Amino acid sequence: MPSTQDSSPRKTPFEAPTPSSVPESRPKLTPDQQTKYETLLEKARAFTEITCPTKEHKGKSGPINERERAWLTRECLLRYLRATNWTVKESEQRLLDTLAWRREYGIDDFTPEYISPEQETGKQIIVGFDKQGRPCQYLNPGRQNTEASPRQIHHLFYMVERVTDMMPPGVEKLNLMINYKPSKQRQNTTEPVSTAREVLHILQSHYPERLGKALIINVPWFVWGFFKIIKPFMHPVTREKLKFNEDMKQYVPAEQLWSADWNGDMDFEYDHSAYWPALDAMCRLRREQRMARWTAAGSQIGESEDYLAGGTDVSVNGFAFSSASTSTSMSASAAPTVAVSAEGERDPGEVDVVQEKLAGATLENVQSKPAEVSPA
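Note that the structure is a prediction, hence the values are computed from the model and not measured.

Now for the overall build of the protein chain. From N to C terminus, the protein chain includes 13 helices and seven strands. Across the protein chain, every contact between residues at least 6 apart in sequence was considered, and the portion connecting residues at least 24 apart equals 75%.

Where helix H1 (residues 31–44) meets helix H4 (residues 88–105), the closest approach of the two axes is 10 Å, and the angle between their N-to-C directions is 35°. In this structure, H1 crosses over H4, and the sense of that crossing is right-handed. Facing Lys36, Thr39, Leu40 and Lys43 of H1, the residues of H4 in contact are Val88, Ser91, Glu92 and Leu95. Considering only residue class, the contact of H1 with H4 consists of three nonpolar, two polar and three charged.

Counted by the stated rule, this structure contains 26 salt bridges. Linking Arg82 and Glu172 is a salt bridge whose minimum nitrogen-to-oxygen distance equals 3.6 Å. Residue Arg82 is located in helix H3 (residues 74–83), and its partner Glu172 is located in the loop between helix H6 (150–166) and strand E5 (174–179); the two are separated by 90 residues in the primary sequence. Here Arg82 falls in the partly exposed class, since its relative accessible area comes to 31%. A salt bridge links Arg102 to Asp108, with the shortest nitrogen-to-oxygen separation between them at 3.0 Å. For Arg102, a relative accessible area of 9% gives the class buried. Residue class for Asp108 comes out partly exposed when judged on its relative accessible area of 30%. Three or more residues are tied together by salt bridges with common partners; here these are Arg26, Arg79, Arg82, Glu172, Glu209, Glu305 and Asp306.

All right, on to the nonpolar core then. In terms of nonpolar packing, the biggest core is built from 56 residues, with Tyr138, Phe157 and Trp262 touching the most fellow members. Top element by residues in this core is H6. It accounts for eight residues. Apart from the residues lying within four places of it in its own chain, the contact partners of Trp262 are Tyr138, Met177, Ile178, Asn179, Leu215, Ile217, Met248 and Leu257. Judged by nonpolar contacts, the second largest core, of 20 residues, contains Leu77, Tyr80, Trp86 and Leu99.

Before going further, it helps to examine the sheet that holds strand E7 (residues 242–244). One open sheet holds the five strands; their spatial order is E3-E4-E5-E6-E7, and the pairing between them is mixed. The outermost strands of the open sheet, each flanked by one partner alone, are strand E3 (124–129) and E7. The average undirected angle you get between the axes of adjacent strands in this sheet is 20°. Relative to E7, strand E6 (residues 211–217) runs parallel, the two sharing three bridges. When the sheet's bridge partners are listed, Ile216 is paired in E7 with Phe244. Each of E3, strand E4 (135–139) and E5 touches H6; the most contacted strand, E3, lies at about 20° to it.

Here we take up H6. Over its 17 residues, H6 extends 25 Å from the first C-alpha to the last, a length consistent with the 24 Å expected when each residue adds 1.5 Å. Extensive coverage of H6 is indicated by the burial of 15 of its 17 residues.

With that out of the way, let us pick up unusual backbone geometry. At Asn245, a residue that is not glycine, the phi angle is positive and equals roughly 50°. With respect to the secondary-structure elements, Asn245 resides in the loop between E7 and helix H10 (272–296).

Attention now goes to the pairing of E5. For E5, the tally of buried residues reaches six of six residues, placing the bulk of the element in the interior. The alternating pattern of E5 places Leu174, Leu176 and Ile178 and Asn175, Met177 and Asn179 on opposite faces, both of which are buried. Sheet topology note: the E4/E5 ladder contains four bridges and is parallel. Bridge pairing links Gln137 to Leu176 in E5. Traced from E4 through H6 to E5, the parallel crossover comes out right-handed.

We now examine H1. Here H1 contains 14 residues, and its C-alpha end-to-end distance of 20 Å stays within 8% of the 20 Å for a straight helix at 1.5 Å per residue. For H1, every residue scored as buried is listed here: Gln33, Tyr37, Leu40, Leu41 and Ala44. When H1 is viewed along its axis, its buried side chains cluster within an angular range of 105° and face the same direction. When the buried face of H1 is taken as reference, the exposed residues oriented beyond 90 degrees from it are Pro31 and Glu42. Those residues of H1 that are buried lie in contact with H3 and H4.

Parameters and conventions
Residues numbered from 1 in each chain as written. Predicted model: local features only at pLDDT ≥ 70, side-chain atom pairs only at ≥ 80, totals over all residues. Heavy atoms only, no water. Helix = DSSP H or I, 4+ residues; strand = E, 2+ residues; numbered from the N terminus. Contact = heavy atoms within 4.5 Å. Axes fitted to C-alpha atoms, helices over the stretch in contact; angles between N-to-C directions. Left-handed = near helix turned anticlockwise from the far one by under 90°. Nonpolar A, V, L, I, M, F, W, Y, C, P; charged D, E, K, R; others polar. Salt bridge = Lys/Arg side-chain N within 4 Å of Asp/Glu carboxyl O. Buried < 20%, exposed > 50% of the residue type's maximum accessible area, 1.4 Å probe, protein only. Core = buried A, V, L, I, M, F, W, Y, C linked by side-chain atoms within 4.5 Å. Pairing = 2+ DSSP bridges. Expected span 1.5 Å × (residues − 1). Right-handed = clockwise from strand over helix to strand, strands pointing away. Arc of directions from axis to C-beta.

Have a look at this one:
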């Protein structure tokens, strides 16, 4: 990565927010909310099967797997409860619906190689964090380089998944940074209303409580008309998060705000050969770290995202993770199973094995791993 003395443009993501960035505080649960959370947690821990309802995806139905169980964190359950106004039954159904959608859509199976052709011009970039530590995902419609296809939408949600990988401890939301500046190749930077409705439906149904703000610049008249058309399909809370043509330094520290069109101090140049493998390596490392910590603490539904991200070494069940292991990782495929007794006690010897194996990998190790084979 560029040093402070290096005058060349930055070409890779930032690994962390500025020291002055402070995550927004989470409101303390009321006794009623705590009871509802515990009820939903009990129901989630009883999930055994994921049923894919659409006819063409019936074959994807089956037992819940470890990756899906790890996705069901404490904060995930709380996000769904908040999105349903603390209605347990609706939250339970929406969690099951999202688990089924993730299987049907194949969101966990998209590879960097499959998405790469969509990304070559940098029409989406994850770089920098806002003043609350939320990762910034830049959308540059003027850099569109492919014809309309399902992979274009796959690209968007692949990048949303990578933004969640990049979230530091205590952060649950992202910032969308949308620049509608046209290019010579693309003057009309709007998307079809049908595509916008599909994207909004997926975001609101399967990524609830994930949007911090949507900061939007260079909005031409026809884009204003576009927003007017899709506005009725937006949740009122979502509409309040849209900020148009403002001074974006009030939301993002200048040193991590892109200089191009955004008036920040970050000189960034998109170079696919440098950026794409760097983003993949960073995100893969974080996923492996989190899965290793989840395994070490007993592989339980309802685990704390702060613990998984290394913000605390204490799991929700009181398990203490070795602080020496918080910045290291292990291959998820090599993660050993932690023995758990009938009383829920982990075998200390097995925990030691997990923590010892965590001490081997670095970002360089992850970068040197062979690329996955695209399913497409």
